[in-house]
Amino acid sequence: MVKQERAVRTRRAVLEAAAHVIGTRGYQAATMAEIIQRAGVTKGAVYFHFRSKDALARAVIREQTEPFVPPVSDSRLQDAIDFTHQVALALRSDPLLQAGTRIAVETTFSEEPLVPYQAWTDIITAMFGDARDKGELLPAVVPERAAEFFVAAYMGVQLFSRAATNRADLPERVTALWRHTLPGLASPGALSHLDPQGRSVRIAV
């Protein structure tokens, strides 16, 4: 049991170190030696959990969504709005999210892109599917396709915000994204009660 707990702590320390180094220096510039040094563990301990920088990057991508639990309320579209604002706020300080973004951008044009979008797309697809079942979506909207479009647009918005203000204005940009997207998604009855600014942002402010 003690060994298992130590292994879990070591793995987490390496992931956090990798996220910090990649988020700061970029995926291509980050080295395993620097990650090992920052984690404060042995080279053998790191390679026991992750065989390569590629494997470590894939673990960062897989685990970046774990802390985020989508809310559940009577309006699944509002839940989706709130969820994306929750992620927007976290993107300003969460190393795993920031590292995942850099990995996505830097490997997009490589032969084997490390794409972190699928987990986010699955989450939004599920919420859009529930919204359809509740009659919140327009009849022509296909949850899977709408989720892919929204995640792609969200990725672009947060990258634009990163370049413009280091993500300081990301919540406002996500609000604008929803304001422009909702009329093509939401049924008239649902649209009237949705808040593009998100309840999580109002609570945080």
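Quick look at the structure, then. (Residues numbered from 1 in each chain as written. Predicted model: local features only at pLDDT ≥ 70, side-chain atom pairs only at ≥ 80, totals over all residues. Heavy atoms only, no water.)

We now examine the layout of surface pockets. Size it by volume and the largest pocket reaches roughly 240 Å³. Looking at the largest pocket, the residues that line it are Gly23, Leu91, Arg92, Gln98, Thr101, Arg102, Val105, Glu106, Leu159, Arg162, Asn166 and Arg167. Going through the elements one at a time, helix H6 (95–107) and helix H8 (143–165) are the ones with two or more residues in the lining of the largest pocket. With five residues, H6 is the largest single contributor of residues to the lining of the largest pocket. (1 Å grid on protein atoms, 1.4 Å probe; cavity = no way out; pocket = protein on both sides within 12 Å on 5 of 7 lines; lining within 4 Å. Points joined across faces, edges and corners; volume = space filled by probe spheres on them. Helix = DSSP H or I, 4+ residues; strand = E, 2+ residues; numbered from the N terminus.)

Another point: empty space enclosed by the protein. With the rule as written, the count across this model stands at one cavity of 30 Å³ or more. By volume, the largest cavity amounts to about 260 Å³. As for the largest cavity, its lining consists of 18 residues, of which Val87, Trp120, Val151, Tyr154 and Met155 are closest to the centre. Those elements that provide at least two residues to the lining of the largest cavity are helix H5 (76–91), H6, helix H7 (117–133) and H8. Classifying every residue of the lining of the largest cavity gives 13 nonpolar, five polar and no charged. (Nonpolar A, V, L, I, M, F, W, Y, C, P; charged D, E, K, R; others polar.)

A few words now on the pattern of salt bridges. For the structure on display, the rule yields 13 salt bridges. Between arginine 11 and glutamate 63 there is a salt bridge, and its shortest N-O distance comes to 2.5 Å. Highlighted residues: arginine 11 in helix H1 (residues 2–25) and glutamate 63 in helix H4 (residues 53–63), separated in sequence by 52 residues. Between arginine 132 and aspartate 133 there is a salt bridge, with the nearest N and O atoms lying 3.7 Å from each other. By relative accessible area, arginine 132 is classed as partly exposed at 43%. Overall, the relative accessible area of 60% leaves aspartate 133 in the exposed class. (Salt bridge = Lys/Arg side-chain N within 4 Å of Asp/Glu carboxyl O. Buried < 20%, exposed > 50% of the residue type's maximum accessible area, 1.4 Å probe, protein only.)

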